[in-house]
Amino acid sequence: MSKPIHMTMLTFEDFPPGRFGSFGPRRVSREEIIAFAAEFDPQPMHLDEEAAAQSMLKGLAASGWHLCSIMMRMMFDFYIGRTASLGSPGVNELRWLAPLRPGDDVTIDVDVAEARVSRSRPETGIVTFRTTARNGSGQALCEMVSPIIVQRRADVTAE
Amino acid sequence: MRFFEDFEIGQRREVGSFTFTAELIKKFAGQFDPQRFHLDEEEGRKSLFGGLAASGWHVASVCMKLLVADGQRQTEAALARGEEVAALGPSPGFRELRWIRPVLAGDTISFASEIVSKRLSEKRPQWGVLEARHTGTNQRGELAFSVLATAFGQRRNAAE
């Protein structure tokens, strides 16, 4: 299933345990929050200021799934898009810690929690990231632990 | 929505189904997850997925969409019976999200939700904490998606 990879692509070897990087910011608008919520999570706290003010979130807040999707896009733009990634089997754990508000500037801190060679497909490795999304004040909004499957450089150069 | 007290462990609901067309897959991917196997049929075929595959975040977001719609239908039915309805609280997170099988263009996924556990919230006496396993099964009966999600459920005595 492996295929030739351009030498500028990141492979398993480029993800040793420890801090990988911090990326962003990316501003999230009120219009984006409402558009995502209208399509995927039309609860009043994500759509309407007044209803949101009455909710536990105390004001208009993005759907948690919208924040996940924004984090995915940021990961793509900053490194997944140039990584020999074969996809992800899932997310071990995710916590929504604080609401994402209209106008917030999101940054992500990305750490490699674990990197190991796959037993079933030794030409690949499994890199488990701990990713924290923060708003402009540095407050943590979401913390996620999730693996991706990445091709190994040895596999690449052998071709 | 139902009140916290009305949820029982083991209760399972079919929440609806959704067909992931190539157009919808590419639209979501173009916005949030533009990896080649989510945008292009040929790249999808060459990938581990074996075809144009929906972003996992698209599958999860559609699961949420159907859960919200199901909750709204339940709320309307309860209001029509003259019953009181509860607010659905926000979610603190989830565990064990698994993209078990790729969701390929044309697949229809049927989602279901089963209550796994319930407990009172220590910090928020007007809310209980519910844990539910949401699953998505394709048209061949194969499990494609699973997540163990947590949500706050309003208690009946919330007005106190």
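Residues numbered from 1 in each chain as written. Chains lettered and ligands numbered in written order. Predicted model: local features only at pLDDT ≥ 70, side-chain atom pairs only at ≥ 80, totals over all residues.

> Can you help me understand the overall build of chain A in this one?
The number of helices and strands found in chain A is five helices and six strands. Its helices and strands in sequence order give chain A the pattern β-α-α-α-α-β-β-β-β-β-α, from N to C terminus. Along the first, second and third principal axes, the C-alpha set of chain A runs to 60 × 30 × 25 Å. Taken across its 159 residues, chain A has 40% of its residues classed as buried. Put simply, of all contacts in chain A between residues at least 6 apart along the chain, 73% involve residues at least 24 apart. (Helix = DSSP H or I, 4+ residues; strand = E, 2+ residues; numbered from the N terminus. Buried ≥ 20, exposed ≤ 12 C-beta atoms within 10 Å, placed from the backbone. Contact = placed C-beta atoms within 7 Å.)

> How do you make sense of the interface of chain A and chain B when you look at a structure like this?
Interfaces are often described in size by the accessible area the parts lose on coming together. With 27 residues of chain A at the interface, the matching set in chain B holds 27 residues. Elements represented by at least two residues in the side of chain A that touches chain B include exactly helix H4 (64-78), strand E2 (85-87) and strand E3 (90-96) of chain A. If one sorts the elements of the side of chain A that touches chain B by residue count, H4 of chain A sits on top with seven residues. Per-class residue counts for the side of chain A that touches chain B are 16 nonpolar, six polar and five charged. Relative to strand E2 (residues 93-99) of chain B, E3 of chain A runs antiparallel, the two sharing five bridges. (Nonpolar A, V, L, I, M, F, W, Y, C, P; charged D, E, K, R; others polar. Pairing = 2+ DSSP bridges.)

> I keep staring at the nonpolar core and nothing clicks. Help me out?
Across soluble globular proteins, nonpolar side chains have a tendency to be buried as a group. Residues Leu67, Met71 and Cys142 of chain A together with Val59, Ala60, Cys63 and Val103 of chain B are the most contacted members of the largest nonpolar core, which totals 81 residues. Ignoring sequence-local partners within four residues, the contact set of Cys142 of chain A consists of Leu67, Met71, Leu94, Arg95, Trp96, Leu97 and Ala133 of chain A. (Core = buried A, V, L, I, M, F, W, Y, C linked by C-beta atoms within 7 Å.)

> Where do I start with the pairing of strand E5 (residues 143-154) of chain B in this structure?
All names here are of chain B. The pairing of E2 with E5 spans five bridges and is classified as antiparallel. Bridge pairing in E5 links Gly93 to Thr150. Two strands pair when backbone bridges link them, and strand E4 (residues 127-137) and E5 are joined in this way by eleven bridges, in the antiparallel orientation. Within E5, the residue paired with Gly136 across the bridge is Phe145. Hairpin connection from E4 to E5: five residues lie between these consecutive antiparallel strands, with Gly141 at a positive phi of about 80 degrees.

> Is there a simple way to explain unusual backbone geometry in this structure?
In most cases, non-glycine residues show a negative phi, while peptide bonds are predominantly trans. Cis peptide bonds are those with omega within 30 degrees of zero, and the linkage from Gly24 of chain A to Pro25 of chain A qualifies with 5 degrees. Unusually for a residue other than glycine, Lys58 of chain A sits at a positive phi of about 55 degrees. Mapped onto the secondary structure, Lys58 of chain A falls in the loop between helix H3 (49-54) and H4. A positive phi angle is found at Glu96 of chain B, which is not glycine, with a value near 50 degrees. Topologically, Glu96 of chain B is positioned in strand E2.

> I keep staring at the environment of Leu66 of chain B and nothing clicks. Help me out?
Topologically, Leu66 of chain B is positioned in helix H4 (residues 56-80). Sequence spacing of Leu66 of chain B and Ala112 of chain B is 46 residues, and the spatial spacing of their C-alpha atoms is 9.4 Å.

> Explain the packing of H4 of chain A against H4 of chain B here, please?
Axes are the key here: two packed helices are described by the angle between their axes and the distance separating the axes. Packing of H4 of chain A against H4 of chain B leaves a shortest axis separation of 10 Å and a crossing angle of 170 degrees. On the basis of the axis angle, H4 of chain A is roughly antiparallel to H4 of chain B. From H4 of chain A, Trp65, Cys68, Ser69 and Met72 of chain A reach across to H4 of chain B, where they touch Trp57, Ala60, Ser61 and Met64 of chain B. Within the contact of H4 of chain A with H4 of chain B, the residues separate by chemical class into six nonpolar, two polar and no charged. (Axes fitted to C-alpha atoms, helices over the stretch in contact; angles between N-to-C directions. Parallel < 35°, antiparallel > 145°, perpendicular 65-115°, else oblique.)

> I'm lost on H4 of chain B in this one. Help?
Think of an α-helix as 3.6 residues a turn; residues three or four steps apart then line up on the same face. With 25 residues, H4 of chain B extends 36 Å between its outermost C-alpha atoms, agreeing within 8% with the 36 Å of an ideal straight helix rising 1.5 Å per residue. Once H4 of chain B ends, the next one or two residues include Gly82 of chain B, with phi positive near 80 degrees. (Expected span 1.5 Å × (residues − 1).)

> What's the story with H4 of chain A in this structure? I'm lost.
Residue and element names in this part refer to chain A. Taking 1.5 Å as the rise per residue, H4 with 15 residues should run 21 Å; its terminal C-alpha atoms sit 21 Å apart, in good agreement. With twelve of its 15 residues buried, H4 lies for the most part within the structure. All of the buried residues along H4 are Gly64, Trp65, His66, Leu67, Cys68, Ser69, Ile70, Met71, Met72, Met74, Met75 and Phe76.

> Quick question: what am I supposed to make of the environment of Ser88 of chain A here?
Residues and elements named next belong to chain A. Topologically, Ser88 is positioned in the loop between E2 and E3. A residue is classified by how many C-beta atoms lie within 10 Å of it, and Ser88, with 20 of them, is buried. As for Ser88 and Leu141, which are separated by 53 residues in sequence, their C-alpha atoms are 22 Å apart.

> Would you mind going over the pairing of strand E4 (residues 105-117) of chain A with me for this structure?
Residues in a regular strand project their side chains so that they alternate between the two faces of the sheet. All names here are of chain A. Pairing geometry for strand E1 (residues 18-27) and E4, over seven bridges, is antiparallel. Across the sheet, residue Phe23 finds its bridge partner in E4, namely Ile108. Alignment of E4 against strand E5 (residues 124-134), held across ten bridges, turns out to be antiparallel. Of the residues in E5, the one forming a bridge with Val110 is Thr131. The hairpin formed by E4 and E5 contains six residues between the paired strands.

> How do you make sense of the confidence of the model for chain B when you look at a structure like this?
Caution applies to low-pLDDT regions: their predicted coordinates should not be interpreted in detail. Predicted confidence across chain B gives a mean pLDDT of 94, with 98% of residues reaching 70 or more. The complex model carries a pTM of 0.94, and its ipTM stands at 0.94. (pLDDT = per-residue confidence, 0-100.)

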